[in-house]
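Each chain, letter by letter, is given below.
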Amino acid sequence: MNYYIDFDNTLYETAKLTVKMLDEIATFISKNCGKNKNEILNELTDAFDSTKGNIFNFTEEICKKYGVNSKDAVANVENIINNGKDNVFKDAKRFLKRLKENGHKVYLLTYIPNKNNTEYQMMKIDGSGIKNYFDDIIITSKYKFTLDLNYKNGIFIDDDPRDLNGLYEQHPIRVIRIRKKNNKRSKIDINNNDIEEYESFDDIKIEKSIDCMDR
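Every residue gets a number counted from 1 within its own chain, in the order that chain's sequence is written. Note on the predicted model: pLDDT of at least 70 is required for a residue's local features to be given, and 80 or more for side-chain atom pairs to be given and counted; whole-chain, interface and lining totals, by contrast, use all residues. Neither water nor hydrogens contribute to the side-chain values; these are computed over all heavy atoms in the structure.

A. The overall build of the protein, seen in detail. Runs of E in the DSSP output that reach at least two residues are strands. Runs of H or I that reach at least four are helices, and both are numbered from the N terminus. Helix and strand counts for the protein come out as eight helices and six strands. Ordered by position from N to C terminus, the α and β elements of the protein give β-α-α-α-α-α-β-α-β-β-α-β-β-α. Structurally, the protein occupies a C-alpha span of about 65 × 40 × 30 Å along its principal axes. Counting only residues that meet the buried cut, the protein has 49% of its 215 residues in that class. A fraction of 64% describes how many contacts in the protein between residues 6 or more apart in sequence connect residues 24 or more apart. Accessible areas in this description were obtained via Shrake-Rupley with a 1.4 Å probe; residue shielding takes into account the shown protein chains only. In the form shown here, the protein has an accessible surface area of approximately 11,700 Å², with 43% of it arising from carbon and sulfur atoms. The cut-offs for exposure are 20% and 50% of the maximum accessible area for each residue type, with area from a 1.4 Å probe on protein chains only; residues under the lower value are buried, those over the upper are exposed, and the others partly exposed. In this description, contact between two residues means that some pair of their heavy atoms is separated by no more than 4.5 Å.

In structure tokens, the structure reads:
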């Protein structure tokens, strides 16, 4: 079976990463210009849009504003991204292991609205430590339900109601919603009983693939 799984806020706690990065930038600027860290952090939190903004450009711009060298600040942010294994939901990693043990094909299907963030997205995936679970990685700036995929032979797992509804219209085998408590999108209801909803990956039932059963 072919599983297509979303990355941000499904497998990976992106909000947790954002908090770490902004805190590091605020700490760096505070140490180098003597201004209050909390005031700087509040400014950064209000200014940075994690869905559209480029964290590297943002770091350079904010450092320039405060008159500090951005090179080390950017390097510190890269280090946080490259060491992001603890941002992966533990139940998500267990699920990926189960899929591979049962012989399924697993594809990472991740949407970025800004093409300039492709490098950043790939860095997050590399730093997550789960890259090797995937047979292929698809990073797209087009909506996930408009791609050249064999939807009808796929199972899709996501957190975004827009993508879930769009994928459902492509008539896949299953559409599964991961609805984590702290995810802002979890506040949005989907009025479709055919879209399965789970708070934990541990509750999703999977079967052995035909290929695996024939071994």
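Text resumes after the structure shown.
B. Spatial organisation of the packing of helix α3 (residues 55-66) against helix α4 (residues 70-82). Helix axes use the C-alpha atoms of the stretch in contact, all axes being lines fitted to C-alpha atoms, and the angles between their N-to-C directions lie in the range 0 to 180 degrees. Contact geometry for α3 and α4: axes closest at 9 Å, N-to-C directions at 150 degrees. For the pair α3 and α4, the sense of crossing is right-handed. Residues Ile55, Phe56, Thr59, Glu60 and Cys63 of α3 form the contact with α4, whose own contacting residues are Ser70, Ala73, Val74, Val77, Glu78 and Ile81. Gly falls in the polar group here, along with every residue not listed as nonpolar (Ala, Val, Leu, Ile, Met, Phe, Trp, Tyr, Cys, Pro) or charged (Asp, Glu, Lys, Arg). When grouped by side-chain class, the residues that make up the contact of α3 with α4 number seven nonpolar, two polar and two charged. By convention the crossing between two helices is left-handed if the near helix lies anticlockwise of the far one by an angle smaller than a right angle, and right-handed if it lies clockwise.

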